[in-house]
Amino acid sequence: MSLLHDRVLFIDGEAIILDKPAGLPVDAPRDGSLSLENHLSSLTFGFQRWPRPVHRLDRDTSGCLLLARNPKAHKRFAAAFEAGTVAKRYVAVVDGVPAEDSGTIELSLKKISTATQGWRMIPAKAGKTALTEWRKIAEKDGRALIVFTPRTGRTHQIRTHALHGLGFGIAGDPVYGSGEGPMLLHSRFLSIPRGEKPPAEASAPLPPTFVAAGFGQELLEQAGL
């Protein structure tokens, strides 16, 4: 039985929302290690066709991932992401405590690549517009639990905005943070509008890595998240 079979948060005839575990890449890595694709055959739930991911989460990011169960649904869902009508909320632990309780980060982003460091995203006026709203939920031991609401969908947007907008990298981030321990970034909530049908939506519980860092599920519930 696939490890993902029991991580389905939402399912109907056209959509599946999975609680993707950290460490599982959505796209097949070049080294041939396991990815989401290796598990899709176990997520048909009576359909002949394999579901297909509509968007991406980074390998080390956990939480809500949308799969479409047929090509027409995939096209509609992809258009919703492109149009910015999908509601997304992420939670993360950052290596510091912002002075403010909430705010908006507006930093355009562009991709750079070097032989020594590989590629990463950086703030740049010539980059693509990126906007993220954030709110501080709790703090402990010099770190803070932040809820991020991205209004655009740029690559590594939250990870880059945490570092350059808040001034603190996400705990465990191997590119924009310390790289020590697991990366504490989680896709908490996803909601996809579907016209007259109810939205496909789900909330993914915080993984044990957040609890181990001192930030438990009850903090989100107290904050209405």
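You'll find the structure just up there.
This structure is a prediction, so every number in the text was calculated from the model and none was measured. (Residues numbered from 1 in each chain as written. Predicted model: local features only at pLDDT ≥ 70, side-chain atom pairs only at ≥ 80, totals over all residues. Heavy atoms only, no water.)

(A) Examining the overall build of the chain more closely. When its secondary structure is counted, the chain shows four helices and 12 strands. In terms of overall dimensions, the chain is globule-like: its C-alpha atoms have a radius of gyration of 17 Å, near the 17 Å expected for 225 residues. Along the first, second and third principal axes, the C-alpha set of the chain runs to 50 × 45 × 35 Å. Each of the 225 residues in the chain was classed as buried or not, and the buried ones make up 46%. Across the chain, contacts joining residues at least 24 apart in sequence account for 62% of those joining residues at least 6 apart. (Helix = DSSP H or I, 4+ residues; strand = E, 2+ residues; numbered from the N terminus. Rg over C-alpha atoms; globule rule 2.2 N^0.38 Å. Buried < 20%, exposed > 50% of the residue type's maximum accessible area, 1.4 Å probe, protein only. Contact = heavy atoms within 4.5 Å.)

(B) Quick look at the nonpolar core. With 25 residues, the main nonpolar core has Leu36, Leu67, Phe148 and Ile170 as its most contacted residues. If near-sequence neighbours (up to four positions away) are discounted, Leu67 is found in contact with Glu14, Ala15, Ile16, Leu18, Leu36, Leu40, Leu43, Pro51, Arg52, Pro53 and Val54. In this structure, Phe10, Cys64, Val86 and Ile192 belong to the second largest nonpolar core, which totals 17 residues. (Core = buried A, V, L, I, M, F, W, Y, C linked by side-chain atoms within 4.5 Å.)

(C) Highlighting unusual backbone geometry. Phi at Asp141 takes a positive value of approximately 50°, unusual for a residue other than glycine. Residue position: Asp141 is located in the loop between strand 9 (131–140) and strand 10 (143–150). Residue classification places Asp141 among the exposed residues on the basis of a relative accessible area of 70%. Here His156, not a glycine, exhibits a phi torsion of approximately 55°, which is positive. By relative accessible area, His156 is classed as buried at 10%.

(D) Up close: the side chain of His161. On the secondary structure map, His161 appears in helix 2 (residues 157–166). A polar side-chain atom of His161 sits 2.7 Å from a polar atom in the side chain of Thr132. Among residues more than four places away in sequence, those in contact with His161 are Ile105, Leu107, Leu109, Ala130, Leu131, Thr132 and Leu166. (Polar contact = N/O pair within 3.5 Å; in protein donor to acceptor, adjacent residues only side chain to side chain.)

(E) Layout of the pattern of salt bridges. In this structure the tally under the stated criterion is 12 salt bridges. For the salt bridge of Asp19 with Arg7, the shortest nitrogen-to-oxygen distance reads 3.6 Å. A residue pair is termed long-range when its members are at least 10 positions apart, and Asp19 in strand 2 (residues 15–20) and Arg7 in the segment before strand 1 (8–11) qualify at 12 residues. Classification of Asp19 as buried rests on a relative accessible area of 9%. Residue Arg143 is joined to Asp95 by a salt bridge in which the shortest nitrogen-to-oxygen separation is 3.5 Å. Taken as a pair, Arg143 in strand 10 and Asp95 in the loop between strand 5 (87–94) and strand 6 (102–106) lie far apart in primary sequence, 48 residues in all. Taken together, the shared-partner salt bridges in this structure form one network comprising Asp12, Glu14, Arg76, Arg194 and Lys197. (Salt bridge = Lys/Arg side-chain N within 4 Å of Asp/Glu carboxyl O.)

Keep in mind that these numbers describe shape and distance, not what the molecule does.
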